[in-house]
Amino acid sequence: MIGRIGKVAVLGSGVMGSGIAAHLANTGIPTLLLDIVPRELTKEEEAQGLTIEDKKVRNRLSAAAIQKLLKQKPAPLTLKENANLIEAGNLEDDLERLAEADWIIEVVVENLAVKKKVFEKVDQYRKPGSIVSSNTSGISVNAMAEGRSEDFKKHFLGTHFFNPPRYLKLLEIIPTPHTNTDVVTFMKHFSEDVLGKGVVFAKDTPNFIANRIGTYGLLVTVAEMVRGGYSVGEVDSVTGPLIGRPKSATFRTLDVVGLDTFLHVAKNVYDQVEGKEKEVFNPPQFMKQMAEKGWIGSKSGKGFFVKNGSEILEINPNTLEYVPRQKLKAPSLMTAKQAKTLSEKMKALVYAKDRAGELIWNILKPVLLYSAEKCYEIADNILAVDQAMKWGFGWEQGPFEVWDAIGVAKSVERMEAEGEVVPSWIKYMLADGFQSFYDNEGSFYDNGIYCRVERNKKVIHLHRLKEEQRVITKNSGASLIDLGDDVACLQFTSPNNSIGLDVIQMINKSIDEVEKNYRGLVIGNQGKNFCVGANLMMILMEAQDDNFFEIDLVVRQFQQAMAKIRYSAKPVVAAPFAMTLGGGTEVCLPAARIQAASEAYIGLVEVGVGLIPGGGGNKELYLRELERLPHGAKIDHQAVANKVFETIALAKVSTSAAEAGQHGYIRSVDGISVNNDHLLHDAKQVVLHLSRQGYQPPQRKKIPVVGEAGYATMLLGAKMMKYGGMISDHDLKIADKLAFVLAGGRLPRGTLVDEQYLLDLEREAFLSLVGEPKTQQRMQHMLAKGKALRN
């Protein structure tokens, strides 16, 4: 039986090796990071009088890689302190320490001979039963294991992480015929539950699943651009979110990945396939010329795009000169943009008889056919292919889901009319009456039947619960859903999950219902973001109409709803993820517990639109900071107020749930879920735990404030920033209001006030600021541009 993984050794400290080590450290796993021993000294080492035998020199590569992690963007570490869990070493002096590791991951250069030499040493020093894996992106896993011991082979497999490991969900696991099934099962569950990965089993074929399909798709797009006379910018303007792909679309993706890396991945397939497929994996000459010139993308400063001042230029593939970026214009694009669902957008585009329609059809058709042709060669089923493309390449729909969206029978008829050969298994599927790859239940087609998807028991799908008639009550902004075990979930369903009167009403109604009939409440959803704040458009329109009575009413009701969360007789657990901003954070702060996704970006950002938090956020963050202090310790209330003032005034947003703890948004009693798919399950378990413990809501108590003297101290700090040219006059006005609220107004230092007093101050400040022309300009700019205006 496989036990726990308490320590890992990562062999190779390049971008992927160090990134994997960082992700392991983020989950609390001590990691030994080893690399080769340098053969000569640097000038700095010579100046320090070091020799090639000094440990500092011998561990230089891995030690430097750990230091790089602290500066990389996007950050590989959820907290910089996590780097302390990574220990530097080398592949000569520290081989004996491989016996300490429960899992050894090889991430050295993509060369079979080099990898086999590394594994020969690993086999000598590893402890029996330890798992060994390769992070190869396409070299045969079976070939690497040749010549190794029986115990090594039983515990060996491929584990292909995608870069950057912290952020990309996909982990392709590639077992060999010798891999023990217990090892495979353990690695799947460990990778999902501890590392937060989406696991797909791949067969041992060139580039496995995602890179095989993804690289093919990128190359046929380049080929169609050249054939159809499209520009780089035109292609990117239609191959992004419009068709369910990432914002980086095609060529911006290649710039981010690096053209050198992409050409290497393409060559790996090119060298191992034949015929027509080989031709596709031979990139056009202009791409090779770009690589020769060093124009490989973001890391070299220029690639398919280059920034020229404020203007972005695109490369002309014919002349290799940079020209102004272009966007494709076609009637079908307007139709697609107006469509509500991705499926409707795709239909509007692929069947359109204009330049956009031709481009999308001509790049989509070969990818669908290739996915169908290679499906059972590279994967066990169509589900694995779709999941790999969604989790590894950020596609909203996998190829077979796209095929369903545009209509399988209709598209197959067109493909055959255009002379394409459709794989026979799809023709049999249609002939047998199966009109789609997935049925209404989410089961997938496989060999003449629809197969149910095996799901991790920790995955809860709210849309499925709704289909099962588990909605308790709902309105236009939110739904209350029965999660089972007498736990309910309040799901925001308003546009962008923004908070308006409908959501506020459902918060009140949900807590009333839960207090009568349930053990507790989870506030969570499965949208793009948890909640990006209040309905800004509604507030701005009311302000422009001078309808401050209505705004006052909404703010009062929001504050009252937040108090209802705080003092609910049954435990309320907030489950934030992704963007949790402004009012979204204010919903979380009064909850009995927060169970946050590791990738939760939490912050009170109201100053960006010229306001301060209006739903009790100022008071709640201040209370949290007070409660964090050790019981009985002498409290410096000014230091607490200053910290909260700085956090809100500078609109600090955490770059992870772990960092949210440093900002005071998350407490030590709160939890973090590494796997976002398990978030609602984990939050539900917290509710049940609190309920079993005999949960009692907090008691209302008086709050000590720093008063007028503290207000002056905070305001002085803001004025110093103004004099230093760091903030504007309007920023200072906002800071003044915020300082006044946090200080408790013009009271003596140490005065005890009740919560309502602070809420009244907060609401008055909010209303005062919302009437300011410069605040309204900020709100308008945010709604129009999606960015903060500094006026």
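Positions within a chain are numbered from 1, following the residues in the order the chain's sequence is written. Confidence filtering applies because this is a predicted model: local features only for residues at pLDDT of at least 70, side-chain atom pairs given and counted only at 80 or more, and all residues used for totals across whole chains, interfaces and linings. Processing note: side-chain calculations cover all non-hydrogen atoms of the structure and skip hydrogens and water entirely.

Below, the discussion takes up the sheet that holds strand β15 (residues 478-484). Strand order in the open sheet formed by seven strands is β14-β15-β16-β17-β18-β20-β22, and the pairing between neighbours is mixed. At either margin of the open sheet sits one strand with a lone partner, and together these are β14 (471-474) and β22 (671-673). Each adjacent strand pair in this sheet contributes to an overall mean axis angle of 25°, direction not counted. Two strands make a pair as long as DSSP finds a minimum of two bridges between them. We count a stretch as a helix when DSSP gives it H or I for four or more residues in a row; a strand needs E for two or more, and each element gets its number in order from the N terminus. Examined bridge by bridge, β14 and β15 share three bridges and lie antiparallel to one another. What sits directly across from T473, in β15, is L480. Whether two residues touch is decided by their heavy atoms; if any such pair falls within 4.5 Å, the residues are in contact. Interaxial angles span 0 to 180 degrees and are taken between N-to-C directions of axes, which are lines fitted to C-alpha atoms, for helices over the stretch in contact. Seen against the sheet, helix α30 (residues 679-692) touches β15, β16 (487-492), β17 (520-523), β18 (572-574), β20 (593-597) and β22 and runs at an angle of roughly 165° to β20.

Now for the nonpolar core. What we call a nonpolar core is a set of buried Ala, Val, Leu, Ile, Met, Phe, Trp, Tyr and Cys residues that are connected through their side-chain atoms within 4.5 Å. Relative accessible area decides the class of each residue, using a 1.4 Å probe on protein chains only: under 20% of the type maximum gives buried, over 50% gives exposed, and in between gives partly exposed. F304, F400, W403, I426 and F437 are the most contacted members of the largest nonpolar core, which has 111 residues in total. The element that contributes the greatest number of residues to this core is helix α17 (residues 355-378), accounting for 13 residues. Core analysis: the second largest hydrophobic core is formed by 103 residues, Y518, A597, V640 and L690 among them.

Our next topic: the packing of α17 against helix α20 (residues 408-417). Axis angle and axis distance: for two packed helices, these are the angle between their axes and the distance between the axes, and together they describe the pair. Running from N to C, α17 and α20 point in directions that differ by 100°, and their axes come no closer than 12 Å. Here α17 is positioned roughly perpendicular relative to α20, judged by the angle of their axes. Residue-level inspection shows W361, K365, L368 and L369 of α17 in contact with α20, the latter providing S411, R414 and M415. In this count, Pro and Cys sit with the nonpolar residues alongside Ala, Val, Leu, Ile, Met, Phe, Trp and Tyr, while Asp, Glu, Lys and Arg are called charged and the others, Gly among them, polar. Residues belonging to the contact of α17 with α20 are distributed by class as follows: four nonpolar, one polar and two charged. Each angle is binned into one of four classes, with values under 35 degrees roughly parallel, values over 145 roughly antiparallel, values of 65 to 115 roughly perpendicular, and all other values oblique.

So, about empty space enclosed by the protein. A 1.4 Å probe that fits into a set of points on a 1 Å grid over the protein atoms alone but cannot get out defines a cavity; an open set with protein on both sides within 12 Å along at least five of seven lines defines a pocket, and lining residues are those with an atom within 4 Å of a point. Grid points are joined across faces, edges and corners, and a volume is the space filled by probe spheres set on the points. Enumeration according to the criterion identifies two cavities of 30 Å³ or more in this entry. If you go around the largest cavity, the residues you meet are Q559, M562, A563, P590, G615, G616, K619, E620 and L759. Put simply, the parts of the chain that give the lining of the largest cavity at least two residues each are α25 (548-566) and α27 (617-628). In terms of residues, the lining of the largest cavity owes the most to one element, α25, which gives three residues. There is about 40 Å³ of room inside the second largest cavity. Lining of the second largest cavity is provided by N618, K619, Y622, V741, L742, L758 and E762. Of all the secondary structure elements, the ones that give two or more residues to the lining of the second largest cavity are α27, α32 (729-743) and α33 (755-770). Here the element with the most residues in the lining of the second largest cavity is α27; it accounts for three residues. For the lining of the second largest cavity, the per-class residue count stands at four nonpolar, one polar and two charged.

Turning to the packing of α20 against helix α21 (residues 424-431), a few remarks are in order. Interaxial distance between α20 and α21 falls to 11 Å at its minimum, and their mutual angle equals 135°. In this view, α20 runs oblique relative to α21, as classed from their interaxial angle. Where α20 crosses over α21, the handedness of that crossing is left-handed. Counted together, V408, A409, V412 and E416 of α20 and I426, K427, M429 and L430 of α21 form the full contact between these two elements. Considering only residue class, the contact of α20 with α21 consists of six nonpolar, no polar and two charged. Should the near helix be turned anticlockwise from the far one by less than a right angle, the crossing is left-handed, and should it be turned clockwise, the crossing is right-handed.

Attention now goes to the pattern of salt bridges. Throughout this description, the term salt bridge denotes a Lys or Arg side-chain nitrogen within 4 Å of a carboxyl oxygen of Asp or Glu. On inspection of all chains with the given rule, the structure shows 52 salt bridges. Two residues, E224 and R227, come together in a salt bridge whose shortest N-O distance is 2.8 Å. Highlighted residues: E224 and R227, both in helix α9 (residues 210-228), separated by three residues, approximately one helical turn. In this structure R227 comes out as exposed when scored by relative accessible area, which is 58%.

Before going further, it helps to examine the packing of aromatic side chains. Paired rings are identified among Phe, Tyr and Trp, the last through its six-membered ring, by centres lying within 6.5 Å, and are further divided according to the angle between planes into stacked (under 30 degrees), edge-to-face (over 60) and tilted (the rest). Per the counting criterion, the structure on display carries 26 aromatic pairs. Aromatic pair F119 and F152: ring centres 5.7 Å apart, planes at 70°, arrangement edge-to-face. With F119 in helix α5 (residues 112-125) and F152 in helix α7 (residues 150-154), this pair connects stretches of sequence that are 33 residues apart. Look at F119 and you get buried, because its relative accessible area is 0%.

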